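What follows is the residue order along each chain.
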Amino acid sequence: MEQRVWPSGVATGIGSMPGTDIAEAAAIVFGELPDLPHVPELPDRGVGADLIGRTAGLLVDIAVDLVPTGYRITDRPGRHHRRAVDLRRWDVDAVTEAADHAGATPWAVKTQVAGPWTAAAGIELARGHRVLTDHGATRDVVESLLEGIAAHAAELSERTGAGVVVQFDEPMLPDVLAGSLPTPSGYGTVGAVPEPEARELLHHVITRAAEITGNPVVVHCCARRPPVALLRSAGAHAIALDATLLDGAPGSLLDELGETWDAGVQLGLGLVPAEPPAVWPDLSRVARPALDLVDRLGFNRSILAERALVTPTCGLAGATGGWLRRALALTRDVGRAFVEPPERW
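An unreviewed UniProt entry annotates the protein chain as Methionine synthase II (Cobalamin-independent) originating from Prauserella isguenensis.

**Description of the nonpolar core**
Counting residues in each nonpolar core, the largest one holds 99 residues, and the members touching the most others are W117, L257, W261, L269, L271 and L304. In terms of residue count, the dominant contributor to this core is helix 5 (residues 135-160) (eight residues). Sequence-distant contacts of L257, that is, excluding residues within four places in its chain, are made with V228, L241, L246, L267, L293 and L297. With 10 residues, the next largest nonpolar core counts W6, A108, V165 and V218 among its residues.

**Description of helix 10 (residues 283-297)**
For helix 10, spanning 15 residues, the distance from its first C-alpha to its last is 22 Å, which sits close to the expected 21 Å at 1.5 Å a residue. Of all bends in helix 10, the biggest is about 35°, found at P289. Every buried residue of helix 10 is listed here: V286, A287, A290, L291, L293 and V294. Lining the buried residues of helix 10 we find helix 9 (251-262), strand 8 (266-272), helix 11 (303-307) and helix 12 (321-339). Two residues or fewer past helix 10, G298 is found with a positive phi of approximately 85°.

**Digging into the side chain of T213**
Looking at where T213 falls in the secondary structure, it is placed in helix 7 (residues 195-213). Polar contacts involving the side chain of T213 include one to the main-chain amide nitrogen of N215, which spans 3.1 Å.

**So, the pattern of salt bridges**
In the structure shown here, the tally under the stated rule is 14 salt bridges. With a closest N to O distance of 2.9 Å, R45 and D91 form a salt bridge. Of this pair, R45 sits in the loop between helix 1 (22-32) and helix 2 (51-56) while D91 sits in helix 3 (residues 79-102); the two residues are 46 residues apart in sequence, bridging distant segments of the chain.

**Regarding empty space enclosed by the protein**
With the rule as written, the count across this model stands at four cavities of 30 Å³ or more. In this structure, the largest cavity occupies an estimated 120 Å³ of space. In terms of lining, the largest cavity is formed by 15 residues, of which the most central are R54, L58, R88, D91 and H152. For the lining of the largest cavity, the secondary structure elements donating two or more residues are helix 2, helix 3 and strand 3 (108-114). The element that contributes the greatest number of residues to the lining of the largest cavity is helix 3, accounting for four residues. Here the second largest cavity defines a volume of roughly 40 Å³.

**Description of the pairing of strand 2 (residues 70-74)**
Alignment of strand 1 (residues 63-67) against strand 2, held across five bridges, turns out to be antiparallel. When the sheet's bridge partners are listed, D65 is paired in strand 2 with R72. With antiparallel pairing between neighbouring strands as the criterion, strand 1 and strand 2 make up a hairpin whose turn holds two residues. Direction of pairing for strand 2 relative to strand 4 (residues 123-124): parallel, over a ladder of two bridges. By the bridge assignment, R72 is partnered in strand 4 with E124.

**Comments concerning the side chain of E170**
Checked against the element boundaries, E170 lands in the loop between strand 5 (163-169) and helix 6 (173-178). R130 provides the closest opposite charge to the buried, unpaired E170, separated from it by 11 Å. Among the polar contacts made by the side chain of E170, one reaches the main-chain amide nitrogen of W117 at a distance of 3.0 Å. With near-sequence residues (within four places) excluded, E170 lies in contact with G115, P116, W117, T118, L202, V219, H220 and C221.

Conventions used here
- Residues numbered from 1 in each chain as written.
- Predicted model: local features only at pLDDT ≥ 70, side-chain atom pairs only at ≥ 80, totals over all residues.
- Heavy atoms only, no water.
- Core = buried A, V, L, I, M, F, W, Y, C linked by side-chain atoms within 4.5 Å.
- Buried < 20%, exposed > 50% of the residue type's maximum accessible area, 1.4 Å probe, protein only.
- Helix = DSSP H or I, 4+ residues; strand = E, 2+ residues; numbered from the N terminus.
- Contact = heavy atoms within 4.5 Å.
- Expected span 1.5 Å × (residues − 1).
- Bend = angle between axes of the 7 residues up to and from the residue.
- Polar contact = N/O pair within 3.5 Å; in protein donor to acceptor, adjacent residues only side chain to side chain.
- Salt bridge = Lys/Arg side-chain N within 4 Å of Asp/Glu carboxyl O.
- 1 Å grid on protein atoms, 1.4 Å probe; cavity = no way out; pocket = protein on both sides within 12 Å on 5 of 7 lines; lining within 4 Å.
- Points joined across faces, edges and corners; volume = space filled by probe spheres on them.
- Pairing = 2+ DSSP bridges.
- Lys, Arg positive; Asp, Glu negative; His and termini not counted.

This is the structure we're talking about:
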C-alpha cells in the first residue's frame, strides 16, 4: 500500500506525559497537536503503563508478566498482563472521546510501541535470558507484536475516523548493537547484534507496519548518537531524535542526517525541552538547533517545512502541568513557523 505524504510543518509528541488521568491527557494532546495527536503514555500509572509493559500488552498468544527482574514470558496471562491490556483499552476510550470533542478529524493519530530490538531486549524468556538471545523467540515475539499492532491500529482508526501512524521506540538499540546489555548474572554482557541482522528485522517490522496502516512509520531513538544510517537503510519513513544534542556532533553523523534528507526521509527534530527549563524559551530559541542544522548541512531552510516533524526532545513524563501545555503549544507553533517563517529568522 502506498503511504500518504506527511503534512507540511506537522508537529507531534513523543509519547509519555505526566500524571494518571488519561482522559485529561488525551484532551490536551488533541487540543494542542491537532494535525498529528498521539496516544498519551502515562508511566505514572505504574506496571503495564511503561514502554515495555504497554508493548507486552499488545502481544497476541504470548503472555508476559512482571517478575523481580522485569517483564518475562509466562505460560498464561497474570494480573500484570491483564492490567496492561486494560490500560490500553482505557487509552483508546479516552482518545476516542478526545477525538469526538475536537470537532475535526486529524490527518492521523500516532501510537507508540517498543521497536523489535528494544522489545526483545526488555522482555525475558522463561529462564531469565533476554528474548534477543534466542533468534526463534525474537521472531515469535515480533510476529505476535505485529499482529497486536494490526488489531490496535484498526480499532484506533475505526473509533477516531483518522489514519494511524505507528512509532517504534528504540531506546535500547544502541546497546543492542554495542553488545553492552548485561546478562542475568550481571557479570557479562549479551553479544552484540550485527548491523545486517538488526537492519533486516527492523526492515521487516517497518514494512509490515506500513502495510497495516497505509501510513509512514516513525522510528524514535533518544540516544546522543542515534544509528541514523541504519534506521534509514532499514526503511524508516521518519527518524525521530533529540536535535538539541546535535551541536558538536561528529561529521559522520551530520553526513548521515544529510543523506537521510537527500533520500526523502523525514527527520523528527526534538526541539522543545522535555522538562521545564529555568527560563521558558521563545519560538526563535526553540527553533535555533533546527536552523543551525540546516545551515550546517547546506540545505535551503524550506526543507524544514517539507521534511521535518517537530517534537519535544523526548517524552514529557517529567513535565509540570503548566510546562506540559506550553511545550506542546511550542511544538505546534514551531512546525507552523517552518511553513511560514518569521521575517527575522
